[in-house]
Amino acid sequence: MNRLLIAALAFLLITCAKKEPSKEVIEVDPAFTGYISAFTSGVISNEGTIQVHFRESVPGAVTGEELDAGVFEVIPETAGRAHWVSDRTAEFTPENTLTSGKLFEVQFKLGELIEVPEKLEVLTFQFQTKQQYVDVSFEGLEAYDRTDLSWQRLNGLLTTADFALEEDIEKTLKVTQDGKRMALKWEHSGGRSHKFVIDSISRGKAASQVILEWDGEVINSESKSEEVIDIPPLGDFREMDLSVTQQPDQYITLFFSDPLNESQDLDGLVYLKSGTSVRLVVDDYAIKVYPSTRLVEKTQIAVTEGVRNSAGYQLKEAFTRDVKFSNQKPNVELLGDGVILPSTD
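How each quantity is defined
- Residues numbered from 1 in each chain as written.
- Predicted model: local features only at pLDDT ≥ 70, side-chain atom pairs only at ≥ 80, totals over all residues.
- Heavy atoms only, no water.
- Phe/Tyr/Trp six-rings, centres within 6.5 Å; stacked < 30°, edge-to-face > 60°.
- Helix = DSSP H or I, 4+ residues; strand = E, 2+ residues; numbered from the N terminus.
- Buried < 20%, exposed > 50% of the residue type's maximum accessible area, 1.4 Å probe, protein only.
- Pairing = 2+ DSSP bridges.
- Axes fitted to C-alpha atoms, helices over the stretch in contact; angles between N-to-C directions.
- Salt bridge = Lys/Arg side-chain N within 4 Å of Asp/Glu carboxyl O.
- Patch = residues over 30% accessible without salt bridge, like charges linked within 9 Å, V, L, I, M, F, W, Y side chains within 5 Å.
- Areas by Shrake-Rupley, 256 points an atom, 1.4 Å probe, with all protein chains shown as cover.
- Lys, Arg positive; Asp, Glu negative; His and termini not counted.
- Charge placed at Lys NZ, Arg CZ, Asp CG, Glu CD.
- pLDDT = per-residue confidence, 0-100.
- Contact = heavy atoms within 4.5 Å.
- Core = buried A, V, L, I, M, F, W, Y, C linked by side-chain atoms within 4.5 Å.

Caption draft 1: Molecular detail of the packing of aromatic side chains. Inspection of the entire model under this criterion finds eleven aromatic pairs. For the pair F256 and F319, a centre-to-centre distance of 6.4 Å together with 50 degrees between the ring planes defines the contact as tilted. Of this pair, F256 sits in strand β19 (residues 251-256) while F319 sits in strand β24 (residues 319-324), and the two are 63 residues apart along the sequence. On the accessibility criterion, F256 (1% relative accessible area) is buried. Members of the aromatic cluster, connected to one another through ring pairs, are F54, F72, W84, F92 and F108.

In structure tokens:
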């Protein structure tokens, strides 16, 4: 009886051990280069697939034809389907998006597809999914009626590092004004960019606050923070926020509490202290400031009291803000095949 119990426990331990990938770096035997040219590795999107590229055409492989999914043993256990992308590429497509920020181990049953030496029958490799994060930014207030600023809508943008389901994104953000929960309208784009609008922001005789609170737990992110937006009282024309856009054009957006006078000449009223010349564009509640040359360092932007709202009233006070630019290259998504194994020739 004791022997049976010990054997059962040993089997259970072995089974459980296989549910988690090895935390040690897995070294791939260079001998695999005689058969395999590349495989998925490094950090990939949670929408990614797992591929193995053969050095030569595999006899009997037909593009689009399904493979036994068991050829790819994915740890942690991951449901999905396997098929031939071409006569040299086998691919495993997960049934659902992969868990973000997690290490995966793959045991590819090479010996079931082609004849190889016994020690090369299973190719074991690793990859990791991107760490997920949530970022929320304020994109200005906007009145329903330019002649009556007592009811406004607040525009914002929620971005994630990797794909997330729309219904889950909508659970990450909570907005209140003076303790009252506010409704949001969403516009989702590509699983990573999510615009939102908060209707019926009240602006009265007294100042108030809108609080944006986000928690990324539902999308496997540790991001958790809040931003407080001060809503000034009616008649108080002031700066609200500032943002920097790097690509494709580089510019600063200055957000204000009131719609701006679109016919005013802003030359000398808004400028960079570095002396770099700028092009100024009024966009309703915002001024966009385009430097004449791309900047890669910290500078300051100055705004004088001469800036006026649509009713002709001036800013209550001038202000200066620090602005940090970076030499950021355009976003490029690499679509490589993974690790290219060195030749043993």
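Caption draft 2: Highlighting the pairing of strand β6 (residues 80-86). As paired elements, strand β4 (residues 66-67) and β6 share two bridges and run antiparallel to each other. Bridge assignment links E66 to a residue of β6, and that residue is H83. Note: β6 against strand β7 (residues 89-94), six bridges, orientation antiparallel. Residue pairing in the sheet places A82 in a bridge with F92 of β7. Between β6 and β7, which pair antiparallel and follow one another directly, the connecting turn spans two residues.

Caption draft 3: The arrangement of unusual backbone geometry in detail. For the bond running from I75 to P76, omega is 0 degrees, close enough to zero to count as cis. Residue P248 is bonded to the preceding Q247 through a cis peptide linkage, with omega at -5 degrees. On the secondary structure map, P248 appears in the loop between β18 (239-245) and β19. In the Ramachandran plot, N220 falls in the positive-phi region, its phi being about 60 degrees despite a non-glycine side chain. You can see N220 is positioned in the loop between β16 (208-215) and β17 (224-231). Here the phi dihedral of D284 falls at roughly 60 degrees; this positive angle occurs in a residue that is not glycine. Mapped onto the elements, D284 comes out in the loop between β21 (278-283) and β22 (286-291).

Caption draft 4: Local environment of the sheet that holds β21. In spatial order, the strands read β18-β19-β22-β21; together these four strands make up an open sheet with antiparallel pairing. Among the strands making up the open sheet, the edge pair consists of β18 and β21. Neighbouring strand axes in the sheet, compared pairwise and without regard to direction, differ in orientation by 20 degrees on average.

Caption draft 5: Spotlight on the sheet that holds β17. Taken in spatial order, the four strands line up as β13-β12-β16-β17 in an open sheet, and their pairing is antiparallel. Bordering the open sheet on either side are β13 (180-181) and β17, each of which pairs with just one other strand. Relative to β17, β16 runs antiparallel, the two being bridged by eight bridges. Directly across from S208, in β17, lies its bridge partner I231.

Caption draft 6: A look at the pattern of salt bridges. Inspection of the entire model under this criterion finds 16 salt bridges. Note that K224 is salt-bridged to D215, the shortest N-O span being 3.9 Å. A salt bridge links D236 to R238, with the nearest nitrogen and oxygen atoms 2.4 Å apart. Given a relative accessible area of 5%, D236 falls into the buried group. Within this structure, E47, D162 and R192 form a network of salt bridges that share partners.

Caption draft 7: Highlighting a negative patch on the surface. On the surface, a cluster of negative charge is contributed by D68, E112, E118 and E121. Residue placement: E118 occurs in the loop between β8 (103-108) and β9 (123-129).

Caption draft 8: The arrangement of the confidence of the model for the protein in detail. Here the protein averages 89 in pLDDT, and 89% of its residues register 70 or above. This stretch, residues 330-345, has a pLDDT under 50; its non-local contacts, to residues over four places away or in other chains, come to 25 contacts.

Caption draft 9: Geometry of the nonpolar core. With 28 residues, the main nonpolar core has V52, F54, F72 and F108 as its most contacted residues. Listed in part, the 27 residues of the second largest apolar core include V175, F196, I229 and I231.

Caption draft 10: Seen up close, the environment of V244. By the secondary structure assignment, V244 is in strand β18. Judged by its relative accessible area of 31%, V244 is partly exposed. Considering only alpha carbons, one finds V244 and V323, 79 residues apart in sequence, at a separation of 7.7 Å. When neighbours within four sequence positions are excluded, V244 is seen to be in contact with Y251, V323, K324 and F325.

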